[in-house]
Amino acid sequence: MTDPATEDRLDARQLADAFRQFSQASEALTGAYAGLQTQVGQLTERLSVLMGALPAGVVVLDRDACVVQANKAVEGMFGAQLAGVDWTAFCATRLIGTETPGEWQVDHAGETRRVTRVDAPLESGEGRIVLLTDVTEAHHMRLAAERNERLAAMGEMVAGLAHQLRTPLSAALLYTATLVQQEMAPADKERVGTRALERLRHLEKLIRDMLLFARGETLGREPFAICDLVAELTQTLEPVARARGLRFEASCACGDTRVVGDRKAIAGALTNLLENAVQVLEAGGTIHFHAEHDGVRACFRVADDGRGIDPALQSRLFEPFFTTRPDGTGLGLAIARGVARAHGGDIGIESEPGRGSTFTLTLAMGG
C-alpha cells in the first residue's frame, strides 16, 4: 500500500511544479505584452508623425460618422478642430459642390480652395477614413490651359475674323454713303437706312459672340431647377416655332432636381441649339426638347426631323466662324460647347441626311 504521507508529498511537489510553470508562463506573457505595448506605441507615434506630415487632409470616422482623428492639414483647410464633430453635418455646410464631378469647394478666411474626396471603409467595419486632397493649383492650371487653347484658336481665326468684320462693315458703309444723297426719296432712304442698321447689328452680334468665345469661362454659379429652365426656354421658343409653322414639343424628367452653374450661360447655349433647329426646319417640321439626368450628369436633347447634316460637315460645326447660313456668325456652337465644357460636360451631335439631327448638351451635376 502507498503511504498517505508520500502521496501528500507528491501532490505538493506537483503543485509546486505547476505553480512554477504558471509563473514562468505569466512572466513570458507579461514580457510579450510589454513588447506589444512598445510596438503599439511606436506604431502610434509613427502614424501620428505620418498624418502630421501628409499634405493631404486625413479624417478618421467611427461607425456613426463622428470624427475620431483628423490631421493638421484637414483642420487647416477648414480652420476648425474636428475631433468629435459630426462629419456628415459638417460637410453639408462646409463642402460645396462644383461643376466638376468629385471636386468640392472649401471657403475659409476669405480664400477658396478646391479639394477632391475619397472615402475608404475600414476592414473592421467600425468606420472609415476620408482623404481630402487640395487640387486648387491643378484647377487653376486646367483653367489656364483651357484659356490658352482658346487664345490659340483666336490666333488661328484672325484672318477669318478680318473677313467676317469687313463684309458687314463694308455693306453698312455703302448703305450709309447712299443715305447722304439728297435726291433720294424718303421711302428709299428708310429702306437703305434699315439695311444699314441690319448690317451694323450683325456686326455688333459678331463682336459680342467673339468676346464670349474669347472669354470662355462662366461668370457666376447658382443652383437652379432643370425643369424650370426647360419651361422658361419653351415659353420663349415655342411661339417662335409656331410662327414658322413648326411643332415644338418639350418635356423634362428631372422633377425638382437642381444643378449648379451659370444659368444665363447655359440658357444661352441651349437657346442657340433651339434657334438653329427653328431656322433649319421648313413648315410642318417638329422640334423635340427633352431633359433628363442620371444623378451624375444632366442631359438636354434638341432633336429635329429636318434634312439632317452631311457627315463631312458635322466635324466642322463647332469650328469658330464656320457657318452654313449667310447671316450666321459661326460662333454660336463654339460658344455653346465652351459653356458645356466649363460645366464639366460637352455637346455631341447625331445626324443622318434626310432623317434629322439631335444635339445633346450635358452638364456635370456637381455636389
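Just above sits the structure.
Now for a description of the structure that goes with this document. (Residues numbered from 1 in each chain as written. Predicted model: local features only at pLDDT ≥ 70, side-chain atom pairs only at ≥ 80, totals over all residues. Heavy atoms only, no water.)

Once that is clear, we can look at the overall build of the protein. Looking only at helices and strands, one finds ten helices and 13 strands in the protein. Taking all 367 residues of the protein together, 34% fall into the buried category. The contacts of the protein with a sequence gap of at least 6 include a subset with a gap of at least 24, amounting to 60%. When the accessible surface of the protein is totalled, it reaches about 21500 Å², and 56% of it is carbon and sulfur. (Helix = DSSP H or I, 4+ residues; strand = E, 2+ residues; numbered from the N terminus. Buried < 20%, exposed > 50% of the residue type's maximum accessible area, 1.4 Å probe, protein only. Contact = heavy atoms within 4.5 Å. Areas by Shrake-Rupley, 256 points an atom, 1.4 Å probe, with all protein chains shown as cover.)

Those residues of helix H3 (residues 87–94) that fall on the buried side of the exposure criterion are Trp87, Phe90 and Cys91. All buried residues of H3 project into a common sector of 95 degrees when viewed along the axis, lining one side. Counted as exposed and oriented over 90 degrees from the buried face of H3: Ala92 and Thr93. Summarising the contacts, the buried residues of H3 are in contact with strand E1 (57–62), strand E2 (67–70), helix H2 (72–78), strand E5 (111–121) and strand E6 (127–134). For H3, the N-terminal capping position is held by Asp86, with its side-chain oxygen 3.1 Å away from the main-chain nitrogen of Thr88. (Arc of directions from axis to C-beta. Polar contact = N/O pair within 3.5 Å; in protein donor to acceptor, adjacent residues only side chain to side chain.)

The next subject is the sheet that holds strand E13 (residues 357–364). With mixed pairing, five strands are arranged side by side in an open sheet as E8-E10-E11-E13-E12. With one partner strand each, in any of the chains shown, strand E8 (247–252) and strand E12 (346–351) form the two edges of the open sheet. The mean angle between the axes of side-by-side strands here comes to 15 degrees, regardless of whether they run parallel or antiparallel. Relative to E8, helix H7 (residues 226–243) is tilted by about 175 degrees, and along the sheet it contacts E8, strand E10 (286–293) and strand E11 (297–304). Contacts from helix H8 (residues 263–280) reach E8, E10, E11 and E13 within the one sheet, and its direction differs from that of E11 by about 15 degrees. (Pairing = 2+ DSSP bridges. Axes fitted to C-alpha atoms, helices over the stretch in contact; angles between N-to-C directions.)

Right, let's get into the state of the cysteines. Scanning the entire structure with this criterion turns up one disulfide. For Cys227, the disulfide goes to Cys252, at an S-S distance of 2.3 Å. Between Cys227 and Cys252 the disulfide shows an S-S torsion of about -85 degrees. By sign, it is left-handed. In this pair, Cys227 sits in helix H7 while Cys252 sits in strand E8, placing the two residues 25 residues apart along the sequence. Taking the relative accessible area as the measure of exposure, Cys252 reaches 26% and is therefore partly exposed. Cys254 forms no disulfide, and the closest cysteine sulfur to it belongs to Cys252, at a distance of 3.8 Å. Looking at Cys254, the relative accessible area reads 4%, which means it is buried. (Disulfide = S-S within 2.5 Å.)

Moving on, we get to the nonpolar core. If you look at the biggest cluster of nonpolar residues, it comprises 41 residues, and the most contacted ones within it are Leu270, Ile287, Phe289, Phe300 and Leu361. Looking at this core, the elements with two or more residues in it are H7, H8, E10, E11, helix H10 (332–342) and E13. Ignoring sequence-local partners within four residues, the contact set of Ile287 consists of Leu246, Arg247, Phe248, Glu249, Leu274, Ala277, Val278, Leu281, Val302 and Ala303. Counting residues in each nonpolar core, the second largest holds 17 residues, with Val59, Met77, Phe78 and Val106 among its members. (Core = buried A, V, L, I, M, F, W, Y, C linked by side-chain atoms within 4.5 Å.)

Before going further, it helps to spend a moment on the pattern of salt bridges. Inspection of the entire model under this criterion finds twelve salt bridges. Residue Arg113 pairs with Asp134 through a salt bridge whose shortest N-O separation is 3.0 Å. With a gap of 21 residues between them, Arg113 in strand E5 and Asp134 in strand E6 connect regions that are remote in the sequence. We note a salt bridge from Asp119 to Arg117, for which the minimum N-O separation is 2.9 Å. A relative accessible area of 33% means that Asp119 is categorised as partly exposed. Given a relative accessible area of 25%, Arg117 falls into the partly exposed group. Beyond isolated ion pairs, a larger network of salt bridges with shared partners links Glu103, Arg114 and Arg142. (Salt bridge = Lys/Arg side-chain N within 4 Å of Asp/Glu carboxyl O.)

So, about the packing of aromatic side chains. Summed over the entire model, instances satisfying the criterion amount to three aromatic pairs. An angle of 85 degrees between the planes, with centres 6.2 Å apart, marks the rings of Phe78 and Trp87 as edge-to-face. A single burial state applies to Phe78 and to Trp87, both of which are buried. Aromatic pair Trp87 and Phe90: ring centres 5.9 Å apart, planes at 20 degrees, arrangement stacked. Highlighted residues: Trp87 and Phe90, both in helix H3, separated by three residues, approximately one helical turn. The residues Trp87 and Phe90 share a single accessibility class, namely buried. Here the aromatic residues Phe78, Trp87 and Phe90 are joined through ring pairs into a cluster of three or more. (Phe/Tyr/Trp six-rings, centres within 6.5 Å; stacked < 30°, edge-to-face > 60°.)

Limitation: the analysis is restricted to geometry and does not speak to function.
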